[in-house]
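Letter by letter, the chains look like this.
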Amino acid sequence: MKQTCLIVLLCFVFGLFAFAQTNTNTLKLCEDNIDEIIGMMTNEEKATILVGGPGSLVPGAAGYTREIERLGIPMTVLADGPAGLRIQPKREGIDQTFYCTGFPTSTLLASSWDPELVETVTTAMGNEVLEYGVDVLLAPGMNLHRNPLCGRNFEYYSEDPLLSGKMAAAYVRGVQKNGVGTSVKHFAANNQETNRLENDARISNRALRELYLKNFEIAIKEGKPWTVMSSYNKLNGDYTQQSFGLLTTVLRDEWGFDGIVMTDWGVKDGTVKSSKAGNDLMEPGRQVEIDRILAAVSEGSISQVELDRNVRRMLHYIVKTPHFRGYKFSNKPDLKAHAQVARKAAEESIILLRNEDNTLPLKGSEKVALYGLTSLDFVGIGTGSGEVYTDHIATMQEAMNEAGFTLDQNLAEFYQHYFAQQEAVQKMERNNRWGYRNIREEAELSARAISLQAQENDVAVYVLGRNAGEGADRVLKDDFELNTNERELLQNLSSAYHALGKKLVVVLNVGGVIETASWKHLADAIVLPWSPGQEGAHAVVDVLTGKVNPSGKLPMTFAMQYMDIPSSKNFPYGQNTSGRRGERKDVDFTNYEEDIWVGYRYFQTNNVGVSYPFGYGLSYTTFSYSKPKVKTDKDGFTATITVTNTGKVAGREVVELYVAAPAGGLEKPARELKAFGKTKLLAPGESETLTMKVSTYEMASFNEKNSSWETAVGNYQVMFGASVGDIRATVSFELKNAQSWMVKMMW
Ligand code: GLC
């Protein structure tokens, strides 16, 4: 009897256990049971999802988060980059290819001054992220262009925080429309590549708030990115990934960010400090980081509350992802359609810097002598994690031929031969992903050869190129400045073609600002496409022929010379390695001595001449600006201005709204960009009224002493400009009530 009871009891217990087990196994993660799931997770499981891990779901993806099968938590996939998805184009044993579209780089997108255009581009880009099975695109990169020699400026937008922030917010909205995430990076103050893993950016609170954080603030409030990527560097002594002030006090408590923060691809030894600071995810992730988190929890240096807080944020992220939603991705995005999006975006963003005697547009029937190694080795994007593996980058030779131009064939073949020789050199350079140097050995052409070519052709087009890349900053010699062969070629072309009353057009296919003041007079026209993506060469030719009327404007200043730039005093272009490790100025630490005086804020305020000012760009037509109207209310002001196309061809105009705040109190820039608008394509004679709103908060300056944003009483000048130096109309108003917004100190 007893034995029977025992057997029955054992069966009952086993049954209970099995039931419980089944019950346990049935509770899988879903959007509305996150807290229950957290309650069921072991600390090992919690630590696991806070640390990235290896994966092979999408070859070439930058990283993954880890799965916990028991709870229905899938792995998710993270991949670069700002100009398009970066994954391996070919896979072992599979015929199908996985090329992605190389869209215009961020600096060119910013040159459009058109957030709607940016959103259109990244809606297409985000579709490739979705259809290739990726959950988060590690972009936009948006560190400020503090200095033109930063190697990654092509991945970033502007010297101005408003333009940079608005572009990034539009970028995020477009990508995330596809139900995939973005990662606004690199938060914050990653404004140089030299010693980027350790460099301590030492910045005043005011410069931080008004410049280096302001763009991120706009992007996060107006874009609502799923994730933020903290940067490698230190900021005022703390690694950003370990800075509670940055990642919690400012990012979350003040700006309301509710997503996850991931590290850049390197976790500092202080994993524990990073977790506590609010850096939820460690990438690329190693077991040692899981161990460190667990050890910290068991000894109490990470509290259970802190651990669960980060886990909760990770689970809220995971339930949004296509992988969690079980999306059946096709691996077949419409690359043809996206190529057209890329071409149109480049067309709408290219900048016309110079056009003497209406050299451009060309008629299309001209015999063209096309010069420059870069007419074949066209710089579509750049190097490093911002590169995109496209199946093709159009060249200028190809694009000119496709547009029906008759190219000087001897010259074309000369460059084809020269490029073949150079390509081996460039390939070796490109393989050196980190620290890619950009020296392009321009082919030498004798003055005699050029003079013969000038007789046989109607116009010269010289494509001058500069690449740029992650892992190294640029240099002055032969990079920011022209090299000897380039300068000689320019001079010889200019004299030979001008001697016969013919024109020279220069195309600057560059990843960043170069010196222009010393040679621009040699050219009759200068077109600036930056690194315009895989279809960019076609867009350039569309501008040269007038099929597209250029409407881009500079998102940064072209100084007369490098040393005029305030940050040139301490930017590490000279690789200053003197002094003991830890004490090397500009390498172990960089004092942002120029403070808020970056770009036009400095040049305009101090009346320092520039080669091309911020916001500058020409058109094939002309525009008039009406008398503006400014209506103030308690929250700020609304400005309206009517723009009319007064020329003979259709075109678009960017109107930039600058504000000059009243003198007294804080020293302020002579004018600051506070809004901008771009007209639709206006036919000759057609007008459009643009409306721009600015809040009193957006007018404020940051007072470090009071740790508050302050909008002072007094007279405000509202200026409407075609560039920062070309103000077409001004309206002023009195602000009667001062306003201020206190913020918590970060440190
Ligand atoms: C790199 C870059 C970052 C990129 C990440 C993943 O080091 O700094 O921009 O997203 O690693 O590739």
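What counts and what doesn't
Residues numbered from 1 in each chain as written. Predicted model: local features only at pLDDT ≥ 70, side-chain atom pairs only at ≥ 80, totals over all residues. Heavy atoms only, no water. Axes fitted to C-alpha atoms, helices over the stretch in contact; angles between N-to-C directions. Helix = DSSP H or I, 4+ residues; strand = E, 2+ residues; numbered from the N terminus. Parallel < 35°, antiparallel > 145°, perpendicular 65-115°, else oblique. Left-handed = near helix turned anticlockwise from the far one by under 90°. Contact = heavy atoms within 4.5 Å. Nonpolar A, V, L, I, M, F, W, Y, C, P; charged D, E, K, R; others polar. Domains from an automatic or database assignment. Buried area = accessible area lost by both parts, 1.4 Å probe. Salt bridge = Lys/Arg side-chain N within 4 Å of Asp/Glu carboxyl O. Polar contact = N/O pair within 3.5 Å; in protein donor to acceptor, adjacent residues only side chain to side chain. Near = heavy atom within 4 Å. Areas by Shrake-Rupley, 256 points an atom, 1.4 Å probe, with all protein chains shown as cover. Buried < 20%, exposed > 50% of the residue type's maximum accessible area, 1.4 Å probe, protein only. Pairing = 2+ DSSP bridges. Core = buried A, V, L, I, M, F, W, Y, C linked by side-chain atoms within 4.5 Å.

1. Some points on the packing of helix H17 (residues 447–456) against helix H19 (residues 484–499)
The geometry of H17 relative to H19 is characterised by a closest axis approach of 9 Å and an angle of 40° between their N-to-C directions. Viewed along their axes, H17 and H19 adopt a mutual orientation that is oblique. The hand of the H17/H19 crossing is right-handed. Facing Ala-447, Ile-450, Ser-451, Gln-453 and Ala-454 of H17, the residues of H19 in contact are Leu-489, Asn-492, Leu-493, Ala-496 and Tyr-497. For the contact of H17 with H19, a count of residues per class yields seven nonpolar, three polar and no charged.

2. Some thoughts on the domain arrangement of the protein chain
Along its sequence, the protein chain is organised into domain 1 (1–28), domain 2 (31–325), domain 3 (350–548) and domain 4 (620–742). Look at where the C-alpha atoms of domain 1 and domain 2 centre, and you get two points 46 Å apart. In this assembly, domain 1 packs against domain 2 so that about 470 Å² is buried in total across both faces, 58% of it on carbon and sulfur atoms. Summed over the shared surface of domain 1 and domain 2, the number is zero salt bridges. If you look at where domain 1 meets domain 2, you find two residue pairs in polar contact (both at pLDDT 80 or more).

3. What to know about the site of the ligand
Around the ligand there are 13 residues in total, and Asp-80, Lys-185, His-186, Tyr-232 and Asp-264 lie nearest to it. Here an oxygen atom of the ligand sits 2.8 Å away from a polar atom, N or O, in the side chain of Lys-185. Contact distances for the ligand include 2.7 Å between an oxygen atom and a side-chain N or O atom of His-186. Within the complex, the protein chains bury 95% of what would otherwise be the 310 Å² of accessible surface of the ligand. Counted by class, the shell around the ligand contains five nonpolar, two polar and six charged residues.

4. Let's talk about the pattern of salt bridges
When the charged atoms of two side chains with opposite charge come close together, those side chains can pair. Applying the stated criterion across every chain, the model contains 44 salt bridges. The shortest N-O distance in the salt bridge between Glu-470 and Arg-152 comes to 3.6 Å. A residue pair is termed long-range when its members are at least 10 positions apart, and Glu-470 in the loop between strand E13 (459–466) and helix H18 (476–480) and Arg-152 in the loop between strand E3 (136–137) and helix H6 (161–176) qualify at 318 residues. For Glu-470, a relative accessible area of 4% puts it in the buried group. When its relative accessible area of 1% is taken as the criterion, Arg-152 is described as buried. Across the pair Glu-222 and Lys-166 runs a salt bridge, and its minimum N-O distance is 3.0 Å. Of this pair, Glu-222 sits in helix H8 (residues 214–223) while Lys-166 sits in helix H6, and the two are 56 residues apart along the sequence.

5. Re the sheet that holds strand E5 (residues 200–202)
The mixed open sheet is built from four strands, whose spatial order is E8-E7-E5-E17. Looking along the sheet, the strands with just one partner apiece sit at the ends: strand E8 (238–239) and strand E17 (589–591).

6. Here's the deal with the nonpolar core
Residues Leu-85, Phe-187, Ile-203, Tyr-212 and Leu-673 are the most contacted members of the largest nonpolar core, which totals 82 residues. Among the elements that make up this core, the one with the highest residue count is H6 (eight residues). Those residues in contact with Ile-203, other than ones at most four positions away along the chain, are Ala-189, Leu-208, Tyr-212, Leu-235, Asn-236 and Tyr-592. Counting 79 residues, the second largest nonpolar core, distinct from the first, contains Ile-350, Ala-496, Val-510 and Tyr-562.

7. Observations concerning the side chain of Thr-248
Along the chain, Thr-248 turns up in helix H9 (residues 244–254). Side-chain polar atoms of Thr-248 contact the backbone oxygen of Ala-277, separated by 2.6 Å. Those residues in contact with Thr-248, other than ones at most four positions away along the chain, are Ser-243, Asp-253, Ala-277 and Gly-278.

8. What to know about the packing of helix H5 (residues 115–131) against H6
Contact geometry for H5 and H6: axes closest at 7 Å, N-to-C directions at 35°. Of the two elements, H5 crosses H6, and the hand of that crossing is right-handed. Contact residues: Pro-115, Val-118, Glu-119, Thr-122, Thr-123, Met-125 and Gly-126 in H5; Lys-166, Met-167, Ala-170, Tyr-171, Arg-173, Gly-174 and Val-175 in H6. Taken together, the residues that form the contact of H5 with H6 break down as seven nonpolar, four polar and three charged.

9. Things to note about the pairing of strand E15 (residues 525–528)
In the case of a regular strand, side chains alternate between the two sheet surfaces. Alternating residues of E15 divide into Ala-525 and Val-527 and Ile-526 and Leu-528, and every residue in both groups is buried. Where strand E10 (residues 351–355) meets E15, four bridges bridge the pair, whose relative direction is antiparallel. Paired with Asn-355 across the strands is Ala-525, a residue of E15. Looking at chain direction, strand E14 (residues 503–510) and E15 are connected through three bridges and run parallel. From the neighbouring strand, Val-506 faces E15, where its bridge partner is Ile-526.

10. Overview of the sheet that holds strand E28 (residues 726–735)
The strand order across the open sheet formed by four strands is E23-E22-E27-E28, and the pairing between neighbours is antiparallel. For this open sheet the edge positions go to strand E23 (672–678) and E28, each flanked by a neighbour on one side alone. Taken pair by pair, the neighbouring strands of this sheet meet at an average axis angle of 20°, ignoring direction.

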